[in-house]
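What follows is each chain in one-letter form.
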There are 2 protein chains.
Amino acid sequence: MSPVVQVPAQVSATPGALLHHVRTGRAKSRAELVALTGASRNTISNRVDQLIAANLLAEGGRGWSTGGRPPTLLQFNAEAGCVLAVDLGVTSVDVAVTDLSARVLATAGHPIDISAGPVAVLAEAERLAREVLTEAGLRDEDVRSVGVGVPGPVEFSTGRPSHPPIMPGWHDHPIPDAFGRWAAPVFVDNDVNVMALGEMGVGGSVQDVLVVKVGTGVGCGIIVEGRVYRGAQGSAGDIGHIHVPAADGRSVLCRCGNTNCLEALASGASLLRDALAAGLPVTTTRDVVELAAHGDGAALELVRDAGRTIGTVLASLVNFFNPHRIVVTGGVARAGLPLLSGIRESVYARAMPLAARTLDISVSDAPDLSGRVGAALMAIEGYLDEDSVREAITS
Amino acid sequence: MSPVVQVPAQVSATPGALLHHVRTGRAKSRAELVALTGASRNTISNRVDQLIAANLLAEGGRGWSTGGRPPTLLQFNAEAGCVLAVDLGVTSVDVAVTDLSARVLATAGHPIDISAGPVAVLAEAERLAREVLTEAGLRDEDVRSVGVGVPGPVEFSTGRPSHPPIMPGWHDHPIPDAFGRWAAPVFVDNDVNVMALGEMGVGGSVQDVLVVKVGTGVGCGIIVEGRVYRGAQGSAGDIGHIHVPAADGRSVLCRCGNTNCLEALASGASLLRDALAAGLPVTTTRDVVELAAHGDGAALELVRDAGRTIGTVLASLVNFFNPHRIVVTGGVARAGLPLLSGIRESVYARAMPLAARTLDISVSDAPDLSGRVGAALMAIEGYLDEDSVREAITS
DNA sequence: GCACTAATGCTCAGTGGTGAGCATAAGTCA
DNA sequence: TGACTTATGCTCACCACTGAGCATTAGTGC
């Protein structure tokens, strides 16, 4: 007898699922939805009608004929509302309004110090949110949900930070309350998880992906089969304090108290420290990255070296996790190729060929934006879940 | 507005799901199934009747009253058939027959050399399978499915090894065909994945677990939310060739051609090599493990040292993956505490406290058996899937 | 023994998805 | 233009699950 039969992967046909299939482009017409879900034409037709009545879907002309009547194309009505996306960083807060397909309609940012505490910082975030809404010509009632990324561990279900090491005073603070002005659900998560969503994009395929954020520190978002993986305590992806043997045998003290943590040797903070030590004319990490991007030899070598160090850790993780793809983002990722080539050098040298051969390592297209886009996607997914959609079509 | 509302985690109520809930002990009566699944009493009652008629469930007396009529207890009929479990090792093949709750009814093994090729080895496995069936007093028709664990990468859907490094001649060989005598589906997977299932047990909770096999080589089975994680090419968990800096700065050549791979420094093979170099009276890895288990100082220190080395790698993986639990199994795991304490020493010293604090690191209760039990569980899960159950109750 | 409660069985109307069948719309192909 | 094909709409018998209601069984507590 033959072994396992390939399961036809029966796809759900609930209203929310149908909407999702159209949004992600997996189906563009009623007929494709029938083929994809296996549900009857009747069911699909009725539900699509409901979704159109609820203004979530719209008919958009005719498609290409394949020998008979061409299908009526369906498209997601991304203008049926908007979401607020908040990217809380260590030194700045960035806010955007996007439509329901995460297209940025307006954005604004402001330098802050995260250690100023939640009240001051969140007040600034709320101010910026009102500002971008006005700029985009939207009203408070248009806001469907709010997504917030923060640089530390968060209890996702309550939206409260959980003993964040670099956010003094934020522990257990109810972040959602700051956005009470909008009668909308607020979703809060760690910034690397949020960025991981941003890098997956709207039609994020069902894949295993690592999103490495190289900013002031180093973190990693983990996507298992298209969904964020959080681990036992929600601290999965915390690779910044993995122990790394320094190439030259030196011992570097990390802010966590140990020596030779990954982010003590290769991060925005370490780049700045080493650049200053080398006498380069810089005052911020951004300066170092800019220098490297403009081809300054010393800065370039520093960035490439950081890449090599990160790559040694990623090589181990590639063997262990065997991802389809690794995306590098965060402030230092703006340096682009020098960082990437350093990472690739180490990974391809040290990871097993089977896992490394088809592995795609790339840098984010817009490292600055991925936090906001990810927060928007988180908010959109949260808004368009099964329950909300059901509610929308029955009311 | 409040953030995410806790989802009531609606549990499936299909026949296969009901069976699963009873098997795993999540529900013990019709009433509990109603409460667990949210389905109507009617539906549950009908389906349970069908499952009883199909001989998959049985009523087993009355439960404890909570003030009214006590529930009629349901139990899984584990004697409704048996499965064959085959554990293919590098130097031996072990076969067991188990009932449908993975209880071993009979088992047998035989030394082989995996490099003798698939035809000879699988013939021996088939012979042993017939032997254990006879010993357990079972007939060929009682066999519901077959599970096979092999020491190398496998394309799960076809049951064929995929360029296995230590199984010359096995590439693409259709292992299921060797068990054609039994009109039953054959499931084949990598031995660490199989062992991971074995360590999870029948009622495996929905958790994130790493199962580290320390045998001739070192491998790792990954359980994400209760299910085996395989990665992009199915090579996830291949931690044997992660690069490790040797504590004493020496450089050890691995069979893969690189230096200082984890399994070059800490594995059954390296233990034997180092024990021989130290002049210990041993000829196999098993001898070294026995010596350590009996308290020989030199062997003990070798094992503990291997544990420390493995622990350095696991410390990184704990930060990255944040598992609930790590289970150590395989031949070397029979050494028990010395290996475990070495691993714990490194992990607790180097992993982040948040992830390490509640982490449970333990050694398998029966390292020798976990391959067979895991193969049996894989076979049972494969047999009792939704489709098979549906077929069983309608025929 | 009696009131109460919980688990289960059975019936029946209501609801929603299925599949077949028929009709229609809007293309392609010869 | 006419035959064919595909996408979609609509109707209707059928079936499975639901939820309410009623009955029965087998415990607990007084």
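These numbers were taken from a predicted model, which means no experiment stands behind them. Think of each chain on its own: its residues are numbered from 1, step by step along the sequence as written. Key to labels: chains lettered from A, ligands numbered from 1, both in the order written. Only residues with pLDDT of at least 70 get local features here, since the model is predicted, and only at 80 or more are side-chain atom pairs given and counted; chain-wide, interface and lining totals rely on the full set of residues. The side-chain numbers reported here are obtained from all heavy atoms of the structure, hydrogens and water having been left aside.

## What about the overall build of chain A?
Point 1. In terms of regular secondary structure, chain A is built from 13 helices and 14 strands.
Point 2. Using C-alpha atoms as the atom set, the radius of gyration is obtained and then compared with a globule rule of 2.2 Å times the number of residues to the power 0.38. Taken against the 2.2 N^0.38 rule, which gives 21 Å for 395 residues, the C-alpha radius of gyration of chain A at 23 Å falls within 12% of a compact globule.
Point 3. Along the three orthogonal principal directions, the C-alpha set of chain A runs to about 70 × 60 × 40 Å.
Point 4. Relative accessibility under 20% of the residue-type maximum defines a buried residue, over 50% an exposed one, and the middle range a partly exposed one, all with a 1.4 Å probe and only protein chains included. Within chain A, buried positions represent 52% of all 395 residues.
Point 5. Note on areas: Shrake-Rupley, 1.4 Å probe, and residue coverage restricted to the protein chains presented here. Counting only carbon and sulfur atoms, one obtains 52% of the accessible surface of chain A, whose full area is about 16400 Å².
Point 6. We score Asp and Glu as negative and Lys and Arg as positive, and we do not count His or the chain ends. For this purpose, a charge sits on NZ of Lys, CZ of Arg, CG of Asp or CD of Glu. Computed over 31 positive and 41 negative side-chain charges, the separation of the two mean positions in chain A equals 6 Å. The way it works is that DSSP assigns letters per residue, a run of H or I at least four long becomes a helix, a run of E at least two long becomes a strand, and they are numbered from the N terminus.

## Overview of the protein's contact with DNA strand C
Point 1. In the vicinity of DNA strand C, 25 residues are found, and the nearest of them are Thr-43 and Arg-47 of chain A together with Ala-31, Arg-41 and Ser-45 of chain B.
Point 2. For each residue, the test is whether any non-hydrogen atom lies within 4 Å of the molecule or strand; if one does, the residue is near. Take the atoms of DNA strand C that sit within 4 Å of the protein: sugar and phosphate atoms are 61% of them.
Point 3. N or O atoms within 3.5 Å of each other form a polar contact, as long as, within protein, one can give a hydrogen and the other can take it, and as long as residues adjacent in sequence are counted only when both atoms are side-chain atoms. A distance of 3.0 Å is found between a base nitrogen of DNA strand C and a backbone nitrogen or oxygen belonging to Gly-67 of chain A.
Point 4. Arg-69 of chain B is positioned with one of its backbone polar atoms (N or O) 2.9 Å from a base nitrogen of DNA strand C.

## Points about the interface of chain B and chain A
Much of the literature gives interface size as the accessible area that the parts lose upon coming together.
Point 1. Each partner contributes residues to the interface: chain B has 49 residues there, and chain A has 50 residues.
Point 2. Together, the buried faces of chain B and chain A total about 4300 Å²; carbon and sulfur atoms form 59% of this surface.
Point 3. Should a side-chain nitrogen of Lys or Arg be within 4 Å of a carboxyl oxygen of Asp or Glu, the pair is scored as a salt bridge. Along the contact surface separating chain B from chain A lie zero salt bridges.
Point 4. For the pair chain B and chain A, the interface holds 15 residue pairs in polar contact (both at pLDDT 80 or more).
Point 5. Mapped by element, the contributors of at least two residues to the side of chain B that touches chain A are β9 (186-190), β11 (218-224), β12 (227-229), α9 (297-321) and α11 (353-357) of chain B.
Point 6. The element best represented in the side of chain B that touches chain A is α9 of chain B, accounting for five residues.
Point 7. Ten residue types, Ala, Val, Leu, Ile, Met, Phe, Trp, Tyr, Cys and Pro, are classed as nonpolar, four, Asp, Glu, Lys and Arg, as charged, and the remainder, Gly among them, as polar. Residue composition of the side of chain B that touches chain A, grouped by class: 27 nonpolar, 16 polar and six charged. The contact criterion used is simple: two residues touch if any of their non-hydrogen atoms lie within 4.5 Å. Throughout, the accessible surface (probe 1.4 Å) given up by two parts as they are put together, summed over both, is called the buried area.

## A few points about the sheet that holds strand β3 (residues 82-88) of chain B
Residue and element names in this part refer to chain B.
Point 1. Taken in spatial order, the five strands line up as β5-β4-β3-β6-β9 in an open sheet, and their pairing is mixed. The strands lining the two open edges of the sheet, one partner per strand, are β5 (104-111) and β9. Neighbour to neighbour, the strand axes of the sheet diverge by 15° on average, direction disregarded.
Point 2. Paired strands, as defined in this entry, are two strands with at least two bridges between them according to DSSP. In the sheet, strand β4 (residues 92-99) pairs with β5 via seven bridges, with the strands oriented antiparallel. Its bridge partner lying in β5, Ala-96 is registered against Thr-107. Between N-to-C directions, angles cover 0 to 180 degrees, with each direction set by a line fitted to C-alpha atoms, over the stretch in contact for helices.

## Topic: the relation of the copies chain B and chain A
Point 1. Rotating chain B by 180° about the axis while translating it 0.0 Å along that axis superimposes it on chain A, leaving an RMSD of 0.1 Å. Expressed as an axis order, the relation between the two copies is that of a two-fold axis.
Point 2. Both copies contact each other with a shared surface, as 100% of the interface residues of chain B are interface residues in chain A too. C-alpha atoms of residues with pLDDT of at least 70 in both copies form the basis for the least-squares superposition of the copies.

## Things to note about the protein's contact with DNA strand D
Point 1. Around DNA strand D there are 25 residues in total, and Ala-31, Arg-41 and Ser-45 of chain A together with Thr-43 and Arg-47 of chain B lie nearest to it.
Point 2. Among the atoms of DNA strand D lying within 4 Å of the protein, the sugar-phosphate backbone contributes 59%.
Point 3. Take Arg-69 of chain A: an N or O atom from its main chain is 2.7 Å from a base oxygen of DNA strand D.
Point 4. The contact in question runs from a base oxygen of DNA strand D to an N or O atom on the side chain of Asn-42 of chain B, over 2.7 Å.
Point 5. Sorting the residues of the surface near DNA strand D by element identifies α2 (30-37) and α3 (41-53) of chain A together with α3 (41-53) of chain B as the ones contributing at least two each.

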